[in-house]
Protein chains: 2
Amino acid sequence: MSHPHPELSDPPAMPEGGLRIVALGGLGEIGRNMTVYEYGGRLLVVDCGVLFPETEQPGVDLILPDFEYIRDRLDDIEAVVLTHGHEDHIGAVPYLLRERRDIPLIGSKLTLALLEAKLTEHRIKPVTDVVAEGERRAFGPFDCEFFAVNHSIPDALALAVRTPAGLVLHTGDFKMDQLPLDGRLTDLPGFARLGSEGIDLLLSDSTNAEVPGFVTSERNIGPVVDEVFRTAQERLIVACFASHVHRVQQVLDAAVANGRKVCFVGRSMVRNMGVARELGYLNVPEDVMVDQKELDDIPGDRLVLVCTGSQGEPMSALSRMANRDHSIRITDRDTVMLASSLIPGNENAVNRVINGLTRWGARVVHKGNALVHVSGHASAGELLYVLNVTKPGNFMPIHGEWRHLRAHAKLAALTGVPDDNIVIAEDGVVVDLVDGHAEIVGAVPAGYVYVDGLSVGEVTETSLKDRRILGEEGFVSIVVGIDSTSGKLVAGPEVHARGAGIVNEDFDEVIERIEDVLAGAAGDAVNDLHQINQLIRRTVGKWVSDNYRRRPMIIPVVVEV
Amino acid sequence: MSHPHPELSDPPAMPEGGLRIVALGGLGEIGRNMTVYEYGGRLLVVDCGVLFPETEQPGVDLILPDFEYIRDRLDDIEAVVLTHGHEDHIGAVPYLLRERRDIPLIGSKLTLALLEAKLTEHRIKPVTDVVAEGERRAFGPFDCEFFAVNHSIPDALALAVRTPAGLVLHTGDFKMDQLPLDGRLTDLPGFARLGSEGIDLLLSDSTNAEVPGFVTSERNIGPVVDEVFRTAQERLIVACFASHVHRVQQVLDAAVANGRKVCFVGRSMVRNMGVARELGYLNVPEDVMVDQKELDDIPGDRLVLVCTGSQGEPMSALSRMANRDHSIRITDRDTVMLASSLIPGNENAVNRVINGLTRWGARVVHKGNALVHVSGHASAGELLYVLNVTKPGNFMPIHGEWRHLRAHAKLAALTGVPDDNIVIAEDGVVVDLVDGHAEIVGAVPAGYVYVDGLSVGEVTETSLKDRRILGEEGFVSIVVGIDSTSGKLVAGPEVHARGAGIVNEDFDEVIERIEDVLAGAAGDAVNDLHQINQLIRRTVGKWVSDNYRRRPMIIPVVVEV
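Conventions and cut-offs
Residues numbered from 1 in each chain as written. Chains lettered and ligands numbered in written order. Predicted model: local features only at pLDDT ≥ 70, side-chain atom pairs only at ≥ 80, totals over all residues. Heavy atoms only, no water. Salt bridge = Lys/Arg side-chain N within 4 Å of Asp/Glu carboxyl O. Helix = DSSP H or I, 4+ residues; strand = E, 2+ residues; numbered from the N terminus. Patch = residues over 30% accessible without salt bridge, like charges linked within 9 Å, V, L, I, M, F, W, Y side chains within 5 Å. Areas by Shrake-Rupley, 256 points an atom, 1.4 Å probe, with all protein chains shown as cover. Lys, Arg positive; Asp, Glu negative; His and termini not counted. Charge placed at Lys NZ, Arg CZ, Asp CG, Glu CD. UniProt positions renumbered as here; feature names shortened; annotations may be inferred. Buried < 20%, exposed > 50% of the residue type's maximum accessible area, 1.4 Å probe, protein only. Polar contact = N/O pair within 3.5 Å; in protein donor to acceptor, adjacent residues only side chain to side chain. Contact = heavy atoms within 4.5 Å. Phe/Tyr/Trp six-rings, centres within 6.5 Å; stacked < 30°, edge-to-face > 60°. Lys NZ or Arg CZ within 6 Å of the ring centre and 35° of its normal. Pairing = 2+ DSSP bridges. Right-handed = clockwise from strand over helix to strand, strands pointing away. Expected span 1.5 Å × (residues − 1). Axes fitted to C-alpha atoms, helices over the stretch in contact; angles between N-to-C directions. Parallel < 35°, antiparallel > 145°, perpendicular 65-115°, else oblique. Left-handed = near helix turned anticlockwise from the far one by under 90°. Least-squares fit on C-alpha atoms with pLDDT ≥ 70 in both. Nonpolar A, V, L, I, M, F, W, Y, C, P; charged D, E, K, R; others polar. pLDDT = per-residue confidence, 0-100.

1. Some words on the pattern of salt bridges
(1) Moving on: Scanning the entire structure with this criterion turns up 76 salt bridges over all chains.
(2) Moving on: Put simply, Arg 352 of chain B and Glu 54 of chain A hold a salt bridge, and the shortest N to O gap is 3.1 Å. On the criterion of chain membership, the pair formed by Arg 352 of chain B in helix α10 (residues 347–359) and Glu 54 of chain A in the loop between β3 (42–46) and β4 (62–64) is interchain, its members lying in two chains.
(3) Moving on: In the salt-bridge network here, residues are joined through shared partners; they are Glu 38, Arg 42, Arg 73, Asp 76 and Glu 78 of chain A.

Pasting the structure below:
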């Protein structure tokens with residue numbers, strides 16, 4: 001995905017008084033959310049997240065937005081506003097700050113605390129500015145007002161951006177739990193007030209636009225968690241996201257009610273819950289927490305472990321328990337609860353964990369057989385409320401794959417937004433809001449930037465294509481030493497194969513063929529290295545194809561002696 | 001998974017008068033079903049299917065049961081009974097017949113016809129014997145009675161196996177649609193009769209044992225399909241499994257009712273529907289079929305394409321349409337219906353197809369938003385009926401992963417089968433039925449046998465591990481020519497890297513390091529090839545790790561000159 005809209009060309013110059021919106025991530029995918037607003041030559045960035053790789057990106061650690069579009073204009077950035085503390089909204093900030101250290105980071109107290117903990121690991125001390133719902137702050141020409149929204153992490157914000165070009169509401173991720181555990185509702189009255197004022201453009205979370213109805217309240221998970229606690233024979237292990245403070249709170253509450261001690265397992269769980277506790281978002285009663293070192297002293301039926309690994313991550317404690325590759329040996333008296341969503345793409349990994357745990361006899365409670373998870377994103381019913389209350393002049397669905405964006409666009413049309421005022425864009429597409437009308441005017445590059453080990457952007461699509469071929473078919477390498485004047489074979493051929501499923505005993509045959517071909521070539525006075533290279537490649541390729549019906553990577557190495 | 005029950009050892013000799021049951025596939029996995037029954041030194045094989053690889057088996061085409069357990073006893077096989085025509089039950093037959101051509105294949109008319117069409121492609125003319133429900137036939141000491149069962153392919157059979165050791169009922173795959181389209185019900189009265197006679201051991205399909213309730217009737221899909229036909233603006237494309245005759249029948253019926261012509265697309269769809277039509281399982285009205293060559297002459301709103309690719313297979317017509325890499329160019333007037341299940345592991349691929357089609361504006365109807373698929377496997381409610389009607393003395397859940405086997409075992413316990421008489425086995429586990437009691441007595445190897453291209457079993461776990469490393473990290477190869485007496489470097493080092501994300505410009509640095517190390521080694525009179533090899537490996541490995549924090553495969557090639 002280098003240039004997603006091949007039919008679109010470079011955008012024209014910004015029209016006087018217009019607002020330009022370019023998403024560098026988050027449109028056409030779920031992840032690496034990053035939207036760049038431009039007015040009067042100044043930039044406001046909303047979110048800067050990562051995307052997690054799929055099997056089509058083997059070996060990649062993270063995928064970043066491509067900063068190329070703003071690279072020459074880093075000094076024009078007034079601020080980066082972070083709507084909440086999830087990785088797909090804050091995870092790329094360390095990489096952006098490498099390009100300019102002092103970009104002001106704006107966000108709620110918890111969001112910035114989680115981000116700062118992460119930046120400390122990158123040894124970056126950022127410039128930050130805490131905001132809260134109800135506040136209104138100007139960053140250059142961008143007059144921003146913040147609104148509380150309810151999501152699967154506390155302290156999430158929506159923001160309204162006022163410029164002379166108009167009023168834009170950017171929801172960030174949200175849902176509308178009407179009985180949230182912390183009492184912090186999505187600010188529908190605030191949205192309504194903006195609607196009365198006149199919203200020129202609404203950008204709203206599309207993740208669950210295909211799902212009819214309403215998301216069940218987080219509160220309804222409580223009784224189910226409690227029931228699992230009451231019926232757990234001995235040890236109880238709960239896996240969930242390391243940022244889901246409210247979910248962990250419910251587990252803590254149930255632990256207290258059922259007389260169990262709690263132990264956090266996993267680096268990110270320990271770190272995030274430490275931050276949340278310190279800032280007062282997580283209420284931890286006295287004497288309930290125990291350290292991992294103390295586990296042996298506590299009977300299984302007095303204990304609950306809260307860990308990461310709910311997505312089947314192979315190196316997580318949970319996966320290792322499922323494989324009996326962990327000091328905690330699962331038995332048929334253990335209960336494991338996966339209190340989390342199943343992120344698309346992780347189905348196999350999670351299934352493997354469930355089967356592994358089940359094999360040893362553990363009872364596994366998961367969203368497939370109990371109400372132990374609710375989504376953090378508004379369903380279609382909730383999205384309709386927002387559309388009807390905000391009555392936007394123009395609508396642009398964000399945060400979703402094509403299927404979600406299209407479904408959300410359809411909802412907008414049903415509430416009366418004219419088709420002509422609904423903009424379905426993907427990453428890199430340039431949208432201008434001019435004279436109250438939003439439209440697509442061009443596109444800029446917004447390809448994937450891969451983080452692999454220490455390098456950023458050095459692993460390219462070509463490397464990945466090589467990896468896919470190597471990973472599917474392996475390789476055969478052929479080393480020959482050639483006399484530089486006569487072109488005669490003086491060393492080798494040495495044939496090596498890995499992952500190709502070809503056994504060493506078979507090599508004699510192909511070595512003989514290469515020798516014949518090279519002897520013929522020397523007779524014809526072929527001593528061009530490239531030609532010899534091609535001869536070997538063709539000979540070996542044909543041999544593998546005829547004998548094995550496979551296509552490994554063929555790597556001739558011709559050394560002149 | 002080489003020996004799944006490490007705590008189990010080789011089984012003891014068969015006790016006199018006992019029946020031995022060994023599943024070589026299908027237990028602990030969904031696929032490659034194959035069960036070997038042994039009585040009095042003779043063998044009866046039920047099913048012989050393939051398993052489709054996951055991402056953990058890169059490049060593999062198919063996974064077969066390991067025939068090692070029966071390889072020395074091929075002449076003892078009285079027959080292979082095929083319960084129905086799905087790949088996971090018949091797909092490995094061509095490979096078994098390579099080991100002994102004249103093993104009699106027993107199955108229903110459609111099952112054998114589909115198998116013979118497949119065997120023709122392998123240029124094998126098998127020995128076959130058609131059976132039907134209600135028939136009773138002896139194969140050596142195995143007195144077999146066949147029963148109709150309803151499944152997602154017509155003409156499926158269960159079988160009862162009578163030997164002096166007792167009566168065994170093996171359901172094969174089934175569900176209990178009470179209003180099946182072809183009127184062919186699962187023979188519950190027959191099962192009840194066996195129950196009265198006294199079933200010593202029941203082996204029953206566990207796929208949906210975790211799913212509460214009952215599978216909706218296939219018939220209920222009809223009105224939904226019809227509605228999609230009526231509301232499709234122009235072209236309609238239906239993707240489903242190439243063996244689901246009843247599903248295709250419903251599409252054909254809707255096409256006739258709505259005045260559309262039908263075109264089958266895809267080799268397996270054309271082949272299987274040809275077989276089904278010839279044998280009378282598919283009713284094709286006059287003049288409704290058109291050939292792919294005629295498509296251009298038919299307006300989109302008079303046409304329906306029925307194709308494969310419902311699992312997002314990358315090379316299928318449907319995937320290529322979604323990528324605009326097909327002569328059929330999807331537009332916003334097209335409707336696509338995925339009338340199939342989503343096989344676990346294919347979620348990403350299918351999601352990609354849905355997003356691709358949606359991007360071009362097509363309306364996509366799938367099981368997530370309409371009742372266009374029902375499962376072929378009995379849910380818990382149906383399984384309880386079978387358990388209560390058959391009242392088995394012993395119970396062994398088959399056809400499922402651990403989670404499904406355990407769930408089915410729990411259902412059996414709820415209906416009154418004593419825990420001690422419930423046998424949860426996985427592949428290779430040896431179960432003996434002696435004196436009316438079934439129990440695990442040992443295990444035999446039942447690992448994966450990989451088909452890759454033309455070879456069977458030559459791609460090993462080691463090859464796959466190599467592929468996984470190459471696929472995640474790529475490789476760096478270093479070729480040096482060494483003087484055979486002095487150990488001095490006379491050619492190279494030549495460094496090549498693929499998939500490692502290392503650019504050629506970086507090689508100078510590591511080449512210098514290798515030269516230094518080799519010069520030192522020559523000084524120390526190191527001329528052992530293995531040692532030089534190790535020196536290079538360590539030098540390059542450390543350089544990559546320090547500079548890139550990655551671990552590609554390092555491949556030194558030392559050529560003596």
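From this point, the discussion proceeds with the structure in view.
2. Quick look at a negative patch on the surface
(1) Moving on: A cluster of acidic side chains, namely Glu 505, Asp 508, Glu 512, Glu 515 and Asp 516 of chain A, defines a negative patch on the protein surface.
(2) Moving on: Tracing the backbone through its elements, the reader meets Glu 505 of chain A in the loop between β24 (489–498) and α14 (507–523).

3. Some points on the UniProt feature "binding site: Zn(2+)" (unreviewed entry) in chain A
Residues and elements named next belong to chain A.
(1) Moving on: Residues given the UniProt feature "binding site: Zn(2+)" (unreviewed entry) here are His 84, His 86, Asp 88, His 89, His 151, Asp 173 and His 399. In three dimensions, the annotated residues from a span of 316 residues occupy one location, with a maximal C-alpha spread of 13.9 Å.
(2) Moving on: Position of His 89 among the secondary structure elements: in helix α2 (residues 87–90).
(3) Moving on: Relative accessible area serves as the criterion here: at 2%, His 89 is assigned to the buried category.
(4) Moving on: There is a polar contact of 3.0 Å between the side chain of His 89 and the side chain of Asp 173.
(5) Moving on: Relative to the elements of secondary structure, Asp 173 occurs in the loop between β11 (166–170) and α5 (188–197).
(6) Moving on: The buried category is assigned to Asp 173, whose relative accessible area is 2%.
(7) Moving on: Discounting residues that sit within four places of it in the chain, Asp 173 has contacts with His 84, Asp 88, His 89, Val 149, His 151, Asp 205, His 377 and His 399.
(8) Moving on: At a separation of 3.4 Å, a polar atom in the side chain of Asp 173 contacts the side chain of His 84.

4. Observations regarding the packing of aromatic side chains
All names here are of chain A.
(1) Moving on: According to the stated counting rule, one finds nine aromatic pairs over all chains in the structure shown.
(2) Moving on: Note on Phe 214 and Tyr 385: the rings are 5.8 Å apart at their centroids and 80 degrees apart in plane angle, and the pair reads as edge-to-face. Note that Phe 214 is positioned in the loop between β12 (201–205) and α6 (221–231) and Tyr 385 in helix α11 (residues 380–390), a separation of 171 residues in sequence.
(3) Moving on: Of the residues examined, Tyr 385 reaches a relative accessible area of 44% and is grouped as partly exposed.
(4) Moving on: Over the face of the ring belonging to Trp 360 we find Arg 324, whose NZ or CZ atom lies 4.0 Å from the ring centre.

5. Things to note about the pairing of β12 of chain A
All names here are of chain A.
(1) Moving on: Most of β12 sits inside the fold, with five of its five residues counted as buried.
(2) Moving on: Relative to β12, β11 runs parallel, the two sharing three bridges. The partner of Val 168 across the bridge, within β12, is Leu 201.
(3) Moving on: Between the parallel pair β11 and β12, the chain is carried across by α5, and the sense of this crossover is right-handed.

6. What about helix α12 (residues 402–414) of chain B?
Residues and elements named next belong to chain B.
(1) Moving on: The terminal C-alpha atoms of α12 lie 18 Å apart, and with 13 residues this matches the ideal 18 Å at 1.5 Å per residue to within 8%.
(2) Moving on: Regarding α12, the residues found buried are Trp 402, Arg 403, His 404, Leu 405, Ala 407, His 408, Ala 409, Leu 411 and Ala 412.
(3) Moving on: Gly 416, located one to two residues past α12, shows a positive phi value of around 110 degrees.

7. Concerning the packing of α11 of chain A against helix α12 (residues 402–414) of chain A
Residues and elements named next belong to chain A.
(1) Moving on: Taken N-terminus to C-terminus, the directions of α11 and α12 make an angle of 50 degrees; their axes are 10 Å apart at the nearest point. With respect to their mutual orientation, α11 and α12 come out oblique. Our pair here, α11 against α12, has a crossing hand that is right-handed. Across the interface between the two elements, Ala 380, Leu 383, Leu 384 and Leu 387 of α11 pack against His 408, Leu 411 and Ala 412 of α12.

8. Concerning helix α11 (residues 380–390) of chain B
(1) Moving on: Along α11 of chain B, the residues that are buried comprise Ala 380, Gly 381, Glu 382, Leu 383, Val 386, Leu 387 and Thr 390 of chain B.
(2) Moving on: Against the buried residues of α11 of chain B lie β11 (166–170), α5 (188–197), β12 (201–205), β18 (394–398) and α12 of chain B.

9. Considering unusual backbone geometry
(1) Moving on: Phi angles above zero are rare outside glycine, and Asp 47 of chain A is one such case at about 70 degrees.
(2) Moving on: Its location among the elements puts Asp 47 of chain A in the loop between β3 and β4.
(3) Moving on: Classification of Asp 47 of chain A by relative accessible area gives buried; the value is 2%.
(4) Moving on: The backbone of Arg 549 of chain B shows a phi angle near 50 degrees, a positive value even though the residue is not glycine.
(5) Moving on: Looking at the secondary structure, you find Arg 549 of chain B in the loop between α15 (529–548) and β25 (553–560).
(6) Moving on: You can call Arg 549 of chain B exposed: its relative accessible area is 57%.

10. Brief notes about the relation of the copies chain B and chain A
(1) Moving on: When chain B is fitted onto chain A, the two copies agree to an RMSD of 0.1 Å after a turn of 180 degrees and an axial shift of 0.1 Å. Taken together, the rotation and translation describe the operation of a two-fold axis. Residue Gly 471 of chain B, judged by its C-alpha, is the member of chain B lying nearest the rotation axis, at 1.8 Å.
(2) Moving on: Of all interface residues in chain B, 100% are interface residues in chain A too; the two copies therefore contact each other through one and the same surface.

11. Some remarks on the sheet that holds strand β20 (residues 437–443) of chain A
Residue and element names in this part refer to chain A.
(1) Moving on: One open sheet holds the eight strands; their spatial order is β7-β6-β5-β3-β2-β1-β19-β20, and the pairing between them is mixed. What marks the edges here is a single partner per strand, and that holds for β7 (128–130) and β20. Direction aside, the axes of adjacent strands within the sheet are offset by 25 degrees on average.
(2) Moving on: With five bridges joining them, strand β2 (residues 34–39) and β3 adopt antiparallel strand pairing. Its bridge partner lying in β3, Tyr 37 is registered against Leu 44.
(3) Moving on: The sheet contacts of helix α4 (residues 109–121) involve β6 (105–107) and β7, and relative to β6 the element is tilted by about 140 degrees.

12. Concerning the UniProt feature "active site" (unreviewed entry) in chain A
All names here are of chain A.
(1) Moving on: The positions UniProt marks with the feature "active site" (unreviewed entry) are Asp 205 and His 377. A maximum C-alpha distance of 7.5 Å places the annotated residues, which cover 173 residues in sequence, within one compact spot.
(2) Moving on: Its place among the elements puts Asp 205 in strand β12.
(3) Moving on: In this structure Asp 205 comes out as buried when scored by relative accessible area, which is 1%.
(4) Moving on: Other than its neighbours up to four places away in sequence, Asp 205 contacts Thr 171, Gly 172, Asp 173, Phe 174, His 377, Leu 383, Ile 398, His 399 and His 408.
(5) Moving on: A polar atom in the side chain of Asp 205 sits 3.2 Å from the backbone nitrogen of Phe 174.
(6) Moving on: Within the secondary structure, His 377 is located in the loop between β17 (363–365) and α11.

13. Points about the packing of helix α6 (residues 221–231) of chain B against helix α7 (residues 245–257) of chain B
All names here are of chain B.
(1) Moving on: Their axes nearest at 9 Å, the elements α6 and α7 cross at an angle of 45 degrees. In terms of their interaxial angle, α6 and α7 are classed as oblique. Regarding α6 and α7, the two cross each other, and that crossing is right-handed. Across the interface between the two elements, Ile 221, Gly 222, Val 225, Asp 226 and Phe 229 of α6 pack against Arg 247, Gln 250, Val 251, Ala 254, Ala 255 and Ala 257 of α7.
(2) Moving on: Each residue belonging to the contact of α6 with α7 can be placed in one class, and the counts come to seven nonpolar, two polar and two charged.

14. What to know about the confidence of the model for chain A
(1) Moving on: Per-chain confidence: chain A averages 92 in pLDDT, with 98% of residues scoring 70 or above.
(2) Moving on: Confidence estimates for the predicted assembly give a pTM of 0.89 and an ipTM of 0.86.

15. Concerning the side chain of Arg 260 of chain A
Residue and element names in this part refer to chain A.
(1) Moving on: Mapping Arg 260 onto the fold places it in the loop between α7 (245–257) and β14 (261–265).
(2) Moving on: As a buried residue without a salt bridge, Arg 260 has its nearest oppositely charged side chain in Asp 301, at a separation of 6.5 Å.
(3) Moving on: Reaching out from Arg 260, the side chain makes a polar contact with the backbone oxygen of Ala 232 at a distance of 3.3 Å.

16. Quick word on the sheet that holds strand β1 (residues 19–25) of chain B
All names here are of chain B.
(1) Moving on: Taken in spatial order, the eight strands line up as β7-β6-β5-β3-β2-β1-β19-β20 in an open sheet, and their pairing is mixed. Of all the strands in the sheet, the pair left with one neighbour each is β7 (128–130) and β20 (437–443). Strand-to-strand, the axes of this sheet are offset by a mean angle of 25 degrees, without reference to chain direction.

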